[in-house]
Amino acid sequence: MRIRWPRRVFAQVLTAQVVLTTGVMVLATSLFLAPLSAELDDQAMRRALSIAQTTAADPDLARELVATAPDAHGPVQAAAERIRTATGALYVVVMDTHGVRWSHTHPAEIGRHVSTDPSRTLAGRQVRQIDTGTLGRSARAKVPLRDSRGRIVGAVSVGIAYDSVQGRLLGTIPDLLRYAGAALAVGVLAAVVLARRLRRRTHGVAFADISALLDEREAMLHGIREGVVAFDRRGRIRLVNDEAGRLLGLDARAAGRPLDEVLPPGRTTDVLAGRVEGADLLAVSGGRVLVANRMPTQDGGAVVTLRDRTELELLGRELDSTQGLLDALRAQDHEHANQLHTLRGLLELGRYGKAVEFVTEVASAQRASAEQIAERVPDPLLSALLVGKAAIAAERGVSLRVSPSTLLPDAVVDPRDLVTVLGNLLDNALDAAAERRRAEPFVEVELRAEGGTAVLRVSDTGPGVPPELRERIFAEGWSTKAARPLPGEGPSAGPVAFHRGRGIGLALVRRLAERYGGMARVTARAGGGAVFTVVLPEALATEDGAPVHRLTAAEGATHGVPRQPECPEQRDRTERTDRTDSRKRRPLGSGASQ
């Protein structure tokens, strides 16, 4: 019958460890018994030698051997038997120089020649050996017997029964086997405990399954379009897949390092590290909007998944822009309907001259408003944004004003970036002004050029931003508006963390300003409300495409803008000769509100 090797990991490990432990114990027992047998033989021969040397040292024995004849009742036999009985030896044989016995355990052997060759002993050498004689196999020793003048007059042979040596050897085996069995039991128990722990850790899978799982894991991690970052219990990065590396700007060198060493401080780092709790947390990294979810693991670590929501945000902003356009068209449609009703009434009353005057006045007012914005802001995207926002503001009962000092030349390097910044600021300002019920609410926009630097300032008559929140509102996920509750949820109010589409607009504004080497901040408006100021160095270009002028510290002070430290990206941008290409970034739109 063929023995099948187990497939599961824990069973294979258990079997291998039991076999290995058993083999080690058998080998150790064999290695112990082999030298033990030789050691017992040597001890027996040493004992026989000691008895023989002690017997030969008796001067009376040599004298009586020379003076008497071999006799079963002689003094030599009596002395030898006394020694044999006292020491427990198998035999004590005294022989003369011819090899004739003068003593023996069996008196009948006295007077006969010994069964083994005594020549080496009679020549003066001591002999130790395991040999077979008339009394069977024994451990024996032979020493020469000398008289008082040192002459060899015979020899003494002492034997130790070999069965006693074997008995000692066999007597040690049970104890040895008990010790070996106890050690084997401990080894097997340790193997079982380790195998059970391994089974829990591997969930009872087979080696082939582990290999397949690893291959599938690698293919899945590097094939999915979601970022995956794994951390150990100490917060060090254990794994970063390709998509997470792209979204966070990490490479393979990030593995094994703490998160704070590879990412700058900010909300993204806090979300990944678990310092911000919640589901579907939003963060901004490198101009990308990310949705993060963190799941703890059993070993104390965690796995964070990242989804790129940039495209969704772009679509949302385009939808917001479209909705804003629809609102503007709806407002204009309502206004045009009222004007047409007025015009129809004038015509029915026959006041044709007044009707012509009314049409001329309305057309001139609308054209004058659009022309005024176009003159101060020649860029078509920016001017179109202002015209559309003005219609939306009128629909909401808020007046959108363009500051008399507004003058932005048609030299914007990338108008889409300014549309993103201005659109977010205007949305926030309109929400704030409409939220606070007061007489004649308004939002004022100021766009100025300071050399090659664009300065955008939006003020409103809303409730303003408390001083303690003026930095926090630029963080990802922070909003001064209450989140819209889901069905079944109660209403919420006050500043909240990001929920369902809020808390991204101002964070993107600051990120974009910092990308230009500028800044974004909020202050209080005299009379109530807030003033948002954004400085974008090198946002304007001359006819050859190069920036006209960098904003100096003195010029920044005129705006109430502190001088910002020059970042590496800003220095790189200064060294580039092609300024236009450095601004070709994908816009995130302008429809999200803080």
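Computed from a predicted structure; not experimentally measured. Residue positions are given per chain, counted from 1 along the sequence in the order it is written. Two thresholds apply to this predicted model, a pLDDT of at least 70 for residue-level local features and 80 or more for giving and counting side-chain atom pairs, whereas whole-chain, interface and lining totals are computed over all residues. The basis for the side-chain values is all heavy atoms of the structure; hydrogens and waters are excluded.

Caption draft 1: Focus on the environment of Val-76. Tracing the sequence through the fold places Val-76 in helix H3 (residues 75-87). Here the alpha-carbon distance between Val-76 and His-104, two residues 28 residues apart in the chain, equals 9.8 Å. Residue contacts follow a heavy-atom distance rule, with two residues in contact if any of their heavy atoms lie within 4.5 Å. Excluding residues within four positions of it along the chain, Val-76 makes contact with Leu-61, Glu-64, Leu-65, Thr-68, Val-94, Trp-102 and Ser-103. For helices the rule is a DSSP run of H or I covering at least 4 residues; for strands it is a run of E covering at least 2, with both sets numbered from the N terminus onward.

Caption draft 2: The sheet that holds strand E3 (residues 136-146), seen in detail. For two strands to count as paired, DSSP must find a minimum of two bridges between them. In spatial order, the strands read E1-E4-E3-E2; together these four strands make up an open sheet with antiparallel pairing. Each end of this open sheet is capped by a strand with a single partner; those strands are strand E1 (91-96) and strand E2 (127-133). Going from strand to strand, the sheet's axes swing by 30 degrees on average, the running direction of each strand aside. Pairing geometry for E3 and strand E4 (residues 152-161), over nine bridges, is antiparallel. Bridged to Ala-141 within E4 is Val-158. Of the strands in this sheet, E1, E3 and E4 touch helix H2 (residues 59-67), which is tilted by about 115 degrees from E4. With axes taken as lines fitted to C-alpha atoms, and helix axes fitted only over the stretch in contact, angles between N-to-C directions fall between 0 and 180 degrees.

Caption draft 3: Examining the confidence of the model for the chain more closely. Per-residue confidence from the predictor is reported as pLDDT, which spans 0 to 100. When pLDDT is averaged along the chain, the result is 76; 74% of the residues meet or exceed 70. Low pLDDT, under 50, characterises residues 482-501; the stretch is placed with 33 contacts to residues that sit more than four places away or in other chains. Note that pLDDT drops below 50 for residues 545-594; the model gives that stretch 130 contacts with residues more than four away or on any other chain.

Caption draft 4: Region of interest: the environment of Val-362. If you trace the backbone, Val-362 turns up in helix H11 (residues 352-376). On the accessibility criterion, Val-362 (19% relative accessible area) is buried. When the C-alpha positions of Val-362 and Gln-339 are compared, they lie 8.5 Å apart, and in sequence the two are 23 residues distant. Classification of residues uses two cut-offs on accessible area relative to the type maximum, computed with a 1.4 Å probe and protein chains only: under 20% is buried, over 50% is exposed, and between them is partly exposed.

Caption draft 5: Inspection of the packing of H2 against H3 at higher detail. Look at H2 against H3: their axes get within 9 Å of each other, and the N-to-C directions meet at 145 degrees. Along the contact surface, H2 presents Leu-61, Glu-64 and Leu-65, while H3 presents Pro-75, Val-76 and Ala-79. When grouped by side-chain class, the residues that make up the contact of H2 with H3 number five nonpolar, no polar and one charged. Note on residue categories: nonpolar means Ala, Val, Leu, Ile, Met, Phe, Trp, Tyr, Cys or Pro, charged means Asp, Glu, Lys or Arg, and polar means any other residue, Gly included.

Caption draft 6: Broad picture of the sheet that holds strand E12 (residues 453-460). Spatially, five strands are ordered E10-E11-E12-E16-E15 in an open sheet, and the strand pairing comes out mixed. Across the chains shown, the open sheet's two edge strands, defined by having one partner strand only, are strand E10 (399-402) and strand E15 (519-524). This sheet shows a mean twist of 15 degrees between the axes of neighbouring strands, independent of strand direction. Summarising the sheet, E15 and strand E16 (residues 530-536) pair through six bridges and their orientation is antiparallel. The residue bridging Val-522 from the neighbouring strand is Phe-532, located in E16. Lying over the sheet, helix H12 (residues 380-395) contacts E10 and strand E11 (442-450), oriented at roughly 150 degrees with respect to E10. Each of E10, E11, E12 and E16 touches helix H13 (residues 415-435); the most contacted strand, E12, lies at about 10 degrees to it.

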